[in-house]
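# An overview of the molecular structure
These are the residues of each chain, in order.
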Amino acid sequence: MRVLKFGGSSISTPARVENVVEIIEQAQGGARTAVVVSAFGGVTDRLIEASRLATSGSEGYQNILTELSERHISAVKPLAPDPRSLEMVAANLDRLRDLLHGISLVRECSARSLDLVMSFGERLSASIISECLKSRGTAAAYLNASTLVKTDDKFGDARVNFENTNRNIQAYFDSHPELQIITGFIASTQDGELTTLGRSGSDYTAAIFAAALAAEEIEIWTDVDGVMTTDPRVVASAFSIGSMSYEEAMEMSHFGSKVVHPKAMQPAMEQDIPLRIRNTFDREFAGTVICRRPEENPFVIRGISSISGVALLRVQGSGMLGVTGISARLFGALARAGVNVILISQGSSEHSICLAVSPEAPPLASRAIEEEFELEILAHQIERVLVEIDLSVIAVVGENMRGTPGIAARIFDALGKHGANVVAIAQGSSELNISIVVNTRDETTALNAIHETFFVRSRKSLHLFLVGPGLVGGKLLEQVESQAEYLSRECSLDLHLCGLANSRKMCFDASGIDLKDWQKLLQAAPTAMVLGQFVSQIKTMNFRNSIFLDCTASDETVRQYERILNLGASIVTPNKRANSSSFSQYNKLKKLAFERGAQFCYETNVGASLPIISTLKDLTLSGDQILKIETIISGTISFIFNAFDGSRTFSEIVEEARERGFTEPDPRDDLNGMDVARKLLILAREVGLESEMSDVAVENILPPACQAAQSVEIFLDTLRQQDGYFTEKLKAAQDQSQVLRYIGTIEDHRISVGLQAVAAEHPFYHLRGSENVIAITTSRFREHPIVIKGPGAGADVTAAGVFSDVIRIGNS
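Rules used in this analysis
- Residues numbered from 1 in each chain as written.
- Predicted model: local features only at pLDDT ≥ 70, side-chain atom pairs only at ≥ 80, totals over all residues.
- Heavy atoms only, no water.
- Helix = DSSP H or I, 4+ residues; strand = E, 2+ residues; numbered from the N terminus.
- Buried < 20%, exposed > 50% of the residue type's maximum accessible area, 1.4 Å probe, protein only.
- Contact = heavy atoms within 4.5 Å.
- Areas by Shrake-Rupley, 256 points an atom, 1.4 Å probe, with all protein chains shown as cover.
- Lys, Arg positive; Asp, Glu negative; His and termini not counted.
- Charge placed at Lys NZ, Arg CZ, Asp CG, Glu CD.
- Phe/Tyr/Trp six-rings, centres within 6.5 Å; stacked < 30°, edge-to-face > 60°.
- Salt bridge = Lys/Arg side-chain N within 4 Å of Asp/Glu carboxyl O.
- Polar contact = N/O pair within 3.5 Å; in protein donor to acceptor, adjacent residues only side chain to side chain.
- Core = buried A, V, L, I, M, F, W, Y, C linked by side-chain atoms within 4.5 Å.
- Pairing = 2+ DSSP bridges.
- Axes fitted to C-alpha atoms, helices over the stretch in contact; angles between N-to-C directions.
- 1 Å grid on protein atoms, 1.4 Å probe; cavity = no way out; pocket = protein on both sides within 12 Å on 5 of 7 lines; lining within 4 Å.
- Points joined across faces, edges and corners; volume = space filled by probe spheres on them.
- Nonpolar A, V, L, I, M, F, W, Y, C, P; charged D, E, K, R; others polar.
- Expected span 1.5 Å × (residues − 1).
- Parallel < 35°, antiparallel > 145°, perpendicular 65-115°, else oblique.

Right, let's talk about the overall build of the protein for a bit. Across its full length, the protein carries 29 helices and 30 strands. Its C-alpha atoms put the protein at 115 × 70 × 55 Å along the principal axes. The burial tally for the protein puts 53% of its 812 residues in the buried class. Sequence separation of 24 or more characterises 71% of the internal contacts of the protein that already satisfy a separation of 6 or more. On the protein, roughly 35,400 Å² of surface is accessible, and the fraction owed to carbon and sulfur atoms is 49%. Distance between charge centres in the protein, computed from 77 positive and 100 negative side chains, equals 0 Å.

See below:
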């Protein structure tokens, strides 16, 4: 015997009913089968609403009746064309209409009446499906479970009398060999008054029949691929669990996993009947088996579930210490008030007890507690109940956690790194479940962080938010698009561009903006770019491993860095403005990144993609002492002086550099040395100097007349007139077999930038084009300095440096 149960989502439309009928017919080929069905999707909620409207005297209930009538009549016509089928459905609808009319007349709907109203959902769906099967040649019969399942008279959540129920079911099936299509959710008292079985009542019905008939297996058909490791709507990498124990399933179900309710598992547990969770829309998928001895779990935990929007009550006071009976009085008061407690946490000091309840419960719960401890509160032995709202409970579940050290440490490490604060903790001695309470705003981050820690550590997803898709930003997106498949396949690193903005518009996509069409998508975006709102969206999306990519040269963007780091998001940028501003700001950003578990990466601030900053960091961290740094870190000035060999005038070379786009529109912005000074200041800070821009001695290589020119055109004319000035400097160097180089130097806590003549043995003598170079002399590399040389400018190489920082974060 197998019992199949189909939920409302599986039979919400005629097409889905046909699919279910095919599954039932296919199942008929093996062992005897019984089928339990829920109401069509959404019908129970509509019946409850109709009851509410009828009770209030509103005629709106008739609109719902019309809607439900049309839905069921339109379903039965194509599925079971026999006129008698239609008559059966119409008769049930007439009875429902009469019942609601009576409720509207007396303006009262008791729990008993509401149960009767709700029962019509299952009665209609089961009759339609049984008639459909009969019309297709299957010997099927409609079975109203209320005739067999007997309960007490606690309407809305009745308790089953298993002795009578089992006897009734066994006798009925012995004499009725047909395929039984059974109404889920409904039962009746010994006097025949209809009752319902409460939440997940149809699952419970399936388990009741399976236990009574000693079934081999219960199949729960729903709209997901079994029990998932966590909510796939929140964690994209969630996957189906192959098998799990009854206890694991009950723990996950209690804390928000809605696949199977613990009550529905109890009869199956007692008879050792496996439950298999199947997907109605993917019949080939094996689903999840819940049983006493599941397959070996390759992971330490089995799954993660959560409940959103709970409230936390804290009862505390010095009068609780060492006093017996406090807990009994507390929970007795809550029980009498009908308050369900989701989670309990108490420290060994006995000074306080925390408990989580549903969001609507605090007023009732607080009143019950304060009435119980009225005298202690008046005596200031116990404080008034403290209430925290907008919290979520996250449960980490798995039998492999028993006796395995370090589980809690890994959970809290993952949460801490991503800025999710833990409000309360609870763990039972069984070690089957570690429950934590976090702010609801942190729930998504927490679920993703814990899931990645225990299930997908081998894979990592980075969520990118890029501002400034110009030359560098655009090239970066090209590089990410071309390399994404390789990184995913070979490095288990998945990159998702979730936010993109230029100076005019911004767009977002939680699943990832198409990198092939980002320009069209951004152009078509309806949302105007507001930087503060862009950052707010990063907070709203709340992804683990978010990276803000600042590919602008804007001070406005830099002003958002603190806010971004406070979100726990990392920053990668070629923008030098943050690190060349005041030392206090530079230091503040670095400390903030460390405190928030984020990374602040700016390798491309100096030398584009050349590994200059990272090399200095590695040397410093390994204990080496930086004695001297010499560097040419302006691609523009490097090009000019590398080409200035006497064959052409200085002004001709500057004009060529300007025409080729190597300089700023006004070449003086490069030749005044301030760009080099900013880069040198960053390097000085990286090796431990607490320097400001005022500490950098900068030689402006331009004569005063060039500096004072009122326009670019006047400057270029003046520069031509000053060619003799530069030719004279070049000749002086050549007479000594030297060349001119514009060099930045850090030595003995002094920082300077100026024009120098260097001989052939100097590492800067043999440079070409716009190459950058740095020579680092240290205690370990005193005689032969470390030399790093290569292209230090250009959109391609700068984008590559930014991309390297992104990958470095992914590999950390």
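Following the structure, the description resumes.
This part covers the packing of aromatic side chains. Between two aromatic rings, the relevant description is the distance of the centres plus the angle of the planes. Under the criterion given, the structure shown has 17 aromatic pairs. The interplanar angle of 50 degrees and the centroid separation of 5.8 Å between the aromatic rings of Phe239 and Phe299 together place this pair among those described as tilted. In this pair, Phe239 sits in the loop between strand E8 (217-222) and strand E9 (243-245) while Phe299 sits in the loop between strand E11 (288-291) and strand E12 (303-316), placing the two residues 60 residues apart along the sequence. Classification of Phe239 by relative accessible area gives partly exposed; the value is 29%. Aromatic side chains Phe644 and Phe650 sit 5.3 Å apart centroid to centroid with 75 degrees between the ring planes, which places their arrangement in the edge-to-face category. Classification of Phe644 as buried rests on a relative accessible area of 5%. Through successive ring pairs, a cluster of aromatic residues spans Phe641, Phe644, Phe650, Tyr725 and Phe726.

Moving on: the pattern of salt bridges. By the definition in use, this model includes 41 salt bridges. Ionic pairing is found between Arg233 and Asp231, a salt bridge with its closest N-O pair at 2.9 Å. Arg329 is paired through a salt bridge with Glu376; the nearest N and O atoms lie 2.8 Å apart. A residue pair is termed long-range when its members are at least 10 positions apart, and Arg329 in helix H10 (residues 326-336) and Glu376 in helix H12 (residues 374-378) qualify at 47 residues. Looking at Arg329, the relative accessible area reads 29%, which means it is partly exposed. Classification of Glu376 as buried rests on a relative accessible area of 15%. Taken together, the shared-partner salt bridges in this structure form one network comprising Arg329, Arg336, Glu372 and Glu376.

A few words now on unusual backbone geometry. Even without being a glycine, Asp390 presents a positive backbone phi close to 60 degrees. Mapped onto the elements of the fold, Asp390 is located in strand E15 (residues 386-397).

With that settled, consider the environment of Asn164. Looking at the element boundaries, Asn164 is found in helix H6 (residues 162-175). Overall, Asn164 belongs to the buried group, its relative accessible area being 16%. If near-sequence neighbours (up to four positions away) are discounted, Asn164 is found in contact with Lys150 and Gln190. Of note is the side chain of Asn164, whose polar atom sits 2.6 Å from the side chain of Arg167.

Core analysis: the biggest nonpolar cluster contains 78 residues, and Phe534 and Phe641 have the highest contact counts within it. Setting aside residues no more than four positions away along its own chain, Phe641 makes contact with Phe650, Ile701, Leu740, Arg741, Tyr742 and Leu755.

The next subject is the sheet that holds E11. For sheets, the rule is that strands pair by backbone hydrogen bonds, running either parallel or antiparallel. With mixed pairing, the eight strands of this open sheet are ordered in space as E3-E5-E2-E1-E8-E10-E11-E9. With partners counted over all chains shown, the strands left at the sheet margins are strand E3 (140-143) and E9, one partner each. For this sheet, the mean inter-axis angle between neighbouring strands, taken without regard to orientation, is 20 degrees. Bridging between E3 and strand E5 (residues 179-183) involves four bridges; their strand directions are parallel. Within the sheet, the bridge partner assigned to Ala140 lies in E5 and is Leu179. Sheet contacts for helix H1 (residues 14-27): strand E1 (2-6), strand E2 (33-37), E5 and E8; angle to E1, the most-contacted strand, approximately 175 degrees.

In this section: the side chain of Thr280. Position of Thr280 relative to the elements: it lies in the loop between strand E10 (275-279) and E11. A polar contact of 2.5 Å, which involves the side chain of Thr280, links it to the side chain of Ser10. The contact partners of Thr280, leaving out residues within four places of it in the chain, are Ser10, Asn19, Val20, Ile23, Trp221 and Thr222.

So, about the pairing of strand E17 (residues 433-439). By the criterion of burial, E17 is predominantly enclosed, with seven of the seven residues buried. Where E15 and E17 come together, seven bridges link them in antiparallel fashion. Residue pairing in the sheet places Val397 in a bridge with Asn433 of E17.

Let's shift gears to the layout of surface pockets. Volume-wise, the second largest pocket comes out at about 1,200 Å³. Every residue lining the second largest pocket is counted, 36 residues in all, and those nearest its centre are Val472, Lys576, Glu664, Asp675 and Thr798. When residues of the lining of the second largest pocket are traced back to their parent elements, those giving at least two are helix H15 (471-491), helix H22 (635-643), helix H24 (668-671), helix H25 (674-686) and helix H29 (795-810). Its residues placed into classes, the lining of the second largest pocket shows ten nonpolar, 17 polar and nine charged.

Here H25 contains 13 residues, and its C-alpha end-to-end distance of 18 Å stays within 8% of the 18 Å for a straight helix at 1.5 Å per residue. With eleven of 13 residues buried, H25 lies mostly within the body of the structure. Those residues of H25 that fall on the buried side of the exposure criterion are Asp675, Val676, Ala677, Lys679, Leu680, Leu681, Ile682, Leu683, Ala684, Arg685 and Glu686. Of the residues one or two after H25, Gly688 is the one with positive phi, at around 105 degrees.

Below, the discussion takes up the packing of H6 against helix H7 (residues 201-212). The geometry of H6 relative to H7 is characterised by a closest axis approach of 9 Å and an angle of 70 degrees between their N-to-C directions. Taken as axis vectors, H6 and H7 run roughly perpendicular relative to one another. Between H6 and H7, the residues in contact are Phe162, Thr165, Asn166, Ile169, Gln170 and Phe173 and Tyr204, Ile208, Phe209 and Ala212, respectively. Grouping the constituent residues of the contact of H6 with H7 by class yields seven nonpolar, three polar and no charged.

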